[in-house]
Amino acid sequence: MAANQSSEWKVVCEKFRLAQELSEIESKKDPENNPFRSKYKARDLLKEILCSLKKIEEEGEADNEADESKQMVDGEPENDFGKAYVGDSPAGLRAARLAVVQYYLGVNHIETEELSAGEQHLMNCMKLIDKCTTTRENVSLFIQARNQLGILWAGRDEIEKAQGFLETAESMYLLYMKEDGQPPLDLEDFFVPEGEELSQQEKIRRFEMAYTHTLYYLAQVYKNLQQYERAGQYCHSTLQRQLEYKQFVPLEWAINAATLSQYYITKTRYMEARHCLAAASVIATLAGEIPSEAAAKESEAECEKREELLQKRAEIARCWIKYCLNLLQDAKKLLEDNVGELDLDRQDELKRARRNEEEEKEKGRKSAILFGSSDTFDSICSLEEKVSSMLPLDFEEARGIFLVGQGYVAQAKEYFAMDGHVTDHIEILQDHSALFKVLAFFEQDLERRCKMHKRRVDLLEPICKDLNAQYYLLICRQLQFELAETYYEMMDLKLAVADKQDQPDVHTIKKFNHLCSSSMKYYQMFLDSIRSPEGKFPEKLEDDLLRPALVAKFRVARLQSKLISSNLASQLENLSLSLEAYNFLVKYCEENPEAKNAVETELELSVEMASLLPLKINRIRSKMASSN
């Protein structure tokens, strides 16, 4: 926007251009020992511009006094809303021009970590433009100044203050688009020579980008205020607008979309979660091909690019794994009976109810949440079609989701290898194990179900044996407990198979005893990890270990009594050890009554077994005595 074409004004415009160039381009080249050199030079130029504007304004003041009343709202010094000038009047434009310089001085001070000074300049900017009505000449400045103040106060943990500025900016945008909607002036338009103004298309792009930033910052504010539903909505709107106006960095956008999918998963909104993940996977490819290992060795830039692309794509793959796992687990919760088995009547009922309902629901939701442009829409839809967003109701549906999840496990492990990413690698293996576990729920054949649990053992056992408990105690405990549980489930399955046979053969008995012993071994390793360095078990368990430790004791007791042996001495030893473990649990709960709520069922059974086992033990002793 050209104010006038005097040589003095041209100098002002050139100084503004140089200040922008210093801030946005030259500052990136500043040395580490003087990181704000270009910013300080830009600040000096902005201060000179401010002085020049005030001088120009003073010189023109006498000429403008006669017209001042025409520029006021309704010819009055202030109207009911406290606005002194019409935004597009000469006085309104002079105020906006000064406000733009104050705005850039504010941003400059914030970028050089001088927050108080930055706040003062931004408030000066606000005071100037708040004198004017909102018009296309100043609406962008209104919004951007409030965005910056919102960020500033959020950085100080004054979240409610930040919320106030940002919600005002949002309201201004919505009101302006409703009442005017024409491309507004950009801040740079106030300082360009005539004929060099921004195109209408660029003005729109910059204005919409400012509003996108408003929504992005509001998403962070609502998240900090624990208003997660609103935060999710604003995050989704931000991502949609970034794609629409092509204002995004592919990998950054993809990670944000994948992160949003995890929020939708917590709300069991799987169609939205799948859409976010499909969009994330597609948009991530816009970052380019992954450089080869050979290219990475020859160039540091290619090496960094390869590392970043592999990492971000592996992170998206991990989000896909969580999607598949949670979808299966939620289906299991819906279908299981009171003993954790598949409820066939419930399964039939849900299948009948689902046929039409889900299709209608999907049509209604999809119109509101779609990402993508004409370039990417088909690719996103194609990826979505590869995995269901509906809860699986039988083994075949569950298997389809499982296979997708397993594919992403392989992809994630390529980057998060054991060498260099121990914790991440093990978490991926644990998720893989959990996928097998939940798939086994849908399998009706007990032998095949047992094989799925065996796959879990094959995944976790080698890691558990190799991991140093001194450095990875928590992970070792997790693995020990999961392996114990897995062997325990396999034991129960073998027991169910054996119950269908008239007389278990030697091989079946040997296999059953092996499963019992393996489960006990890992439960005992878990329990031993709780002991002090002197080998003493704690008199009082920590809250996070209370239930796991007592459940481990209970199951050791049960497993010990399940061991099959024809030798009376072995039977006596097994039952005595079982009784000892049951008595431990009963005694612990007597001495620590608050523990009873954590193991109600286990405690009830332990009390019962503690009274029954002595009878069995005495019968065996009698047999042994009579046989001698």
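Cut-offs used in this document
Residues numbered from 1 in each chain as written. Predicted model: local features only at pLDDT ≥ 70, side-chain atom pairs only at ≥ 80, totals over all residues. Heavy atoms only, no water. Helix = DSSP H or I, 4+ residues; strand = E, 2+ residues; numbered from the N terminus. Buried < 20%, exposed > 50% of the residue type's maximum accessible area, 1.4 Å probe, protein only. Areas by Shrake-Rupley, 256 points an atom, 1.4 Å probe, with all protein chains shown as cover. Lys, Arg positive; Asp, Glu negative; His and termini not counted. Charge placed at Lys NZ, Arg CZ, Asp CG, Glu CD. Disulfide = S-S within 2.5 Å. Expected span 1.5 Å × (residues − 1). Axes fitted to C-alpha atoms, helices over the stretch in contact; angles between N-to-C directions. Parallel < 35°, antiparallel > 145°, perpendicular 65-115°, else oblique. Left-handed = near helix turned anticlockwise from the far one by under 90°. Contact = heavy atoms within 4.5 Å. Nonpolar A, V, L, I, M, F, W, Y, C, P; charged D, E, K, R; others polar. Core = buried A, V, L, I, M, F, W, Y, C linked by side-chain atoms within 4.5 Å. Polar contact = N/O pair within 3.5 Å; in protein donor to acceptor, adjacent residues only side chain to side chain. Salt bridge = Lys/Arg side-chain N within 4 Å of Asp/Glu carboxyl O.

Re the overall build of the protein chain
So, point 1. Scanning the protein chain from terminus to terminus reveals 23 helices and zero strands.
So, point 2. Dimensions along the principal axes, computed over C-alpha positions, put the protein chain at roughly 125 × 60 × 55 Å.
So, point 3. Relative to its full complement of 628 residues, the protein chain shows a buried share of 47%.
So, point 4. Summing over all exposed atoms, the protein chain offers an accessible surface of approximately 32,600 Å²; the carbon and sulfur share of this is 49%.
So, point 5. One finds the centroid of the 82 positive side-chain charges in the protein chain at a distance of 6 Å from the centroid of its 109 negative side-chain charges.

Some remarks on the state of the cysteines
So, point 1. All chains considered together, the criterion is met by zero disulfides.
So, point 2. Considering cysteine sulfurs only, Cys 235 is the nearest to Cys 276, which forms no disulfide, with 8.0 Å between them.

As for helix H4 (residues 90–111)
So, point 1. Look at H4: 32 Å from first C-alpha to last across 22 residues, which is about the 32 Å you get at 1.5 Å a residue.
So, point 2. With respect to burial, H4 is a largely interior element, 19 of its 22 residues being buried.

Points about the packing of helix H18 (residues 446–466) against helix H19 (residues 473–499)
So, point 1. Packing of H18 against H19 brings their axes to within 9 Å, and their N-to-C directions diverge by 160°. The angle between the axes of H18 and H19 places the two elements in the roughly antiparallel class. The way H18 lies across H19 gives a crossing that is left-handed. Contact with H18, carried on its side by Leu 446, Glu 447, Arg 449, Cys 450, His 453, Lys 454, Arg 456, Val 457, Leu 460, Glu 461, Ile 463 and Cys 464, involves Leu 479, Gln 480, Glu 482, Leu 483, Thr 486, Tyr 487, Glu 489, Met 490, Leu 493, Lys 494, Ala 496 and Val 497 of H19 and no other residues of that element.
So, point 2. Considered class by class, the residues forming the contact of H18 with H19 number 13 nonpolar, three polar and eight charged.

Details of the nonpolar core
So, point 1. Ranked by size, the top nonpolar core spans 124 residues in total, and within it Trp 320, Tyr 323 and Leu 550 carry the most contacts.
So, point 2. Ranked by residue count, the leading element in this core is helix H13 (residues 300–335), at 14 residues.
So, point 3. If we skip the residues at most four places from it in the chain, Leu 550 touches Leu 541, Phe 584, Leu 585, Tyr 588, Cys 589, Ala 595 and Val 599.

Comments concerning the environment of Val 404
So, point 1. As for its position among the elements, Val 404 is in helix H16 (residues 395–415).
So, point 2. Residue class for Val 404 comes out buried when judged on its relative accessible area of 19%.
So, point 3. With 157 residues separating them along the chain, Val 404 and Gln 247 place their C-alpha atoms 31 Å apart.
So, point 4. If we ignore the near neighbours within four places in the chain, the residues touching Val 404 are Cys 324, Lys 386 and Val 387.

Quick word on helix H21 (residues 543–562)
So, point 1. Across its 20 residues, H21 extends 30 Å between first and last C-alpha, which sits within 8% of the 28 Å expected from 1.5 Å per residue.
So, point 2. Taking burial as the measure, the 20 residues of H21 include 14 buried ones, the bulk of the element.

A word on the side chain of Glu 119
So, point 1. Tracing the backbone through its elements, the reader meets Glu 119 in helix H5 (residues 115–129).
So, point 2. Engagement of the side chain of Glu 119 in a polar contact is seen with the side chain of Arg 156, the distance being 2.9 Å.

So, the pattern of salt bridges
So, point 1. In total, this model carries 41 salt bridges according to the counting rule given.
So, point 2. Across the pair Glu 272 and Arg 269 runs a salt bridge, and its minimum N-O distance is 3.3 Å.
So, point 3. Taking the relative accessible area as the measure of exposure, Glu 272 reaches 3% and is therefore buried.
So, point 4. For Arg 269, a relative accessible area of 23% translates into the label partly exposed.
So, point 5. The salt bridge involving Arg 456 is made with Glu 489; its shortest N-O contact spans 3.7 Å. One end of the pair, Arg 456, is in helix H18; the other, Glu 489, is in helix H19, and 33 residues separate them in sequence.
So, point 6. Residue Glu 489 is classed as partly exposed on the basis of its relative accessible area, which comes to 25%.
So, point 7. Here the salt bridges do not stand alone but share partners, grouping Asp 186, Glu 188, Glu 202, Arg 205 and Arg 206 into one network.

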